[in-house]
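A look at the structure
Spelled out, the chains give:
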Amino acid sequence: MTGDPQVRTVLGDIDPARLGVTDAHDHLFFASKLLPGQELDDPTAATELLLAFRVAGGSALVQWTPYGLTRRTRELAWMSEELGVHVVAATGLHRAEHYPPVILGRVVDDLVRVFVADLTEGTQPADLPDEPRTGPRAGLIKVAGAFHTIDSHARLTMTAAAVAHEETGAPIAVHLELGTAALEVAELLCGKLDVPPDRVILGHLNRNPDARIQREVAETGVFLGFDGPSRANHSSDARVFDGLEALVEAGHGGQILLGGDTTTAAARYEPGAPYLLTTLAPRLAKLLGGDVVTAMLVANPARAFATSWLK
């Protein structure tokens, strides 16, 4: 790779030192056929959430919504400019179940080209594939594992992500289904596909609070996503705190990222991006120390999302 590391935001590449306090995994826009009636597709509501995050002290938000799930990158750019919050958008592909067949069929045999074009030329709506790529560029690749395994679709998307990373330098963010198959994903991406561990972010580790597994995953060198705090039907914050404390004591504090991960309209009323800063961070600071938590919110995401872009 050449050049100084930069974070690719919807308003252009920036020095990672400018990123600031970061929600490392969230969704201002997201719509899936698995969640009918729960679409995040309201620019006003998204703007209000981003504003609340800024008022709470937030400086940057990374949206993990990949291709075809209503990522609204043009609106992200407008909101970023109006509110003064850095926003990073994603390319990539989620689990197959999230997509109508027509959308999936359009790109599944051409994933590397789609990913690289989103990262280097600009984004376009999935329902307008012939439209010029006039949307802002994506800054990461988001793919997904299956429950306790890497199925054929996940293997396909992760392989394409690894090739797109090799061509561009882009970081790869992985949705772990209920936090499972983390070691298998790390082995595939970093072991077999030769993606450097510091270019890989594994999300939802808090949803499978197995301390032994979390420690083994941390030892691979990947970034560790703890996102969706205090979410109904997920692991309690008490177990999340125990897991984070154990990882910090084992020397892995520099790999931890925190995110709100709002994915449905109903979840807008649950803890999300502002909660990270108003409630979670102060509680974590009492347990782990303010400097450790500041690193999770500032220094760690600056390293995780910055790369020396090849294109």
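Everything below is about the structure shown above.
Here we summarise the structure given alongside this text. No experiment lies behind these values; they were computed from the predicted model shown.

Under the defined criterion, the tally for this structure stands at zero aromatic pairs. Just above the ring of Trp309 sits the side chain of Arg8; from NZ or CZ to the centre is 4.0 Å.

So, about the side chain of His252. Along the polypeptide, His252 turns up in the loop between α8 (237-249) and β11 (256-259). His252 gets classed as buried once you look at its relative accessible area, which sits at 10%. Here the side chain of His252 touches Gln255 through a polar contact of 2.8 Å, side chain to side chain. What His252 contacts, discounting residues up to four positions off in sequence, is Arg215, Ala218, Glu219 and Leu247.

Attention now moves to the sheet that holds strand β6 (residues 90-92). Ordered by their spatial adjacency, six strands build an open sheet running β6-β7-β8-β9-β10-β11, and the pairing between neighbours is parallel. The two strands at the open ends of the sheet, each matched to only one other strand, are β6 and β11. Recorded for the sheet is a direction-independent mean angle of 30° between the axes of neighbouring strands. In this structure, strand β9 (residues 200-203) lies alongside strand β10 (residues 223-227), joined through two bridges in parallel fashion. Bridge pairing in β10 places Ile201 opposite Phe223. Across the sheet, helix α5 (residues 152-168) is in contact with β7 (140-144) and β8 (172-175); its angle to β7 comes to roughly 165°.

This part is about helix α7 (residues 211-219). Turning to α7, its buried residues are Gln214, Val217 and Ala218. Each buried residue of α7 lies within a common arc of 100° when the element is viewed along its axis, so the set occupies one face. Exposed residues on α7 whose side chains face more than 90 degrees from its buried face are Arg212 and Glu219. With a side-chain oxygen positioned 3.1 Å from the backbone nitrogen of Arg212, the residue opening α7 is Asp210.

With that out of the way, let us pick up the pattern of salt bridges. According to the stated counting rule, one finds 14 salt bridges in the structure shown. Between Lys311 and Glu167 there is a salt bridge, with the nearest N and O atoms lying 3.6 Å from each other. With Lys311 in the segment after β12 (306-307) and Glu167 in helix α5, the pair connects residues that are 144 residues apart, well separated along the chain. The network of salt bridges with common partners includes Arg8, Asp13 and Arg137.

The next thing to look at is helix α2 (residues 73-83). Among the residues making up α2, those that are buried are Thr73, Leu76, Ala77, Met79, Ser80 and Leu83. The arc enclosing the buried residues of α2, seen along the axis, measures out at 165°, which places them on a common side. More than 90 degrees from the buried face of α2, the exposed residues found are Glu81 and Glu82. Among the structural elements, α1 (43-55), β4 (60-63) and β5 (86-88) are those in contact with the buried residues of α2. Positive backbone phi, approximately 70°, marks Gly84, located one or two places after α2.

The rules behind each value
- Residues numbered from 1 in each chain as written.
- Predicted model: local features only at pLDDT ≥ 70, side-chain atom pairs only at ≥ 80, totals over all residues.
- Heavy atoms only, no water.
- Phe/Tyr/Trp six-rings, centres within 6.5 Å; stacked < 30°, edge-to-face > 60°.
- Lys NZ or Arg CZ within 6 Å of the ring centre and 35° of its normal.
- Helix = DSSP H or I, 4+ residues; strand = E, 2+ residues; numbered from the N terminus.
- Buried < 20%, exposed > 50% of the residue type's maximum accessible area, 1.4 Å probe, protein only.
- Polar contact = N/O pair within 3.5 Å; in protein donor to acceptor, adjacent residues only side chain to side chain.
- Contact = heavy atoms within 4.5 Å.
- Pairing = 2+ DSSP bridges.
- Axes fitted to C-alpha atoms, helices over the stretch in contact; angles between N-to-C directions.
- Arc of directions from axis to C-beta.
- Salt bridge = Lys/Arg side-chain N within 4 Å of Asp/Glu carboxyl O.

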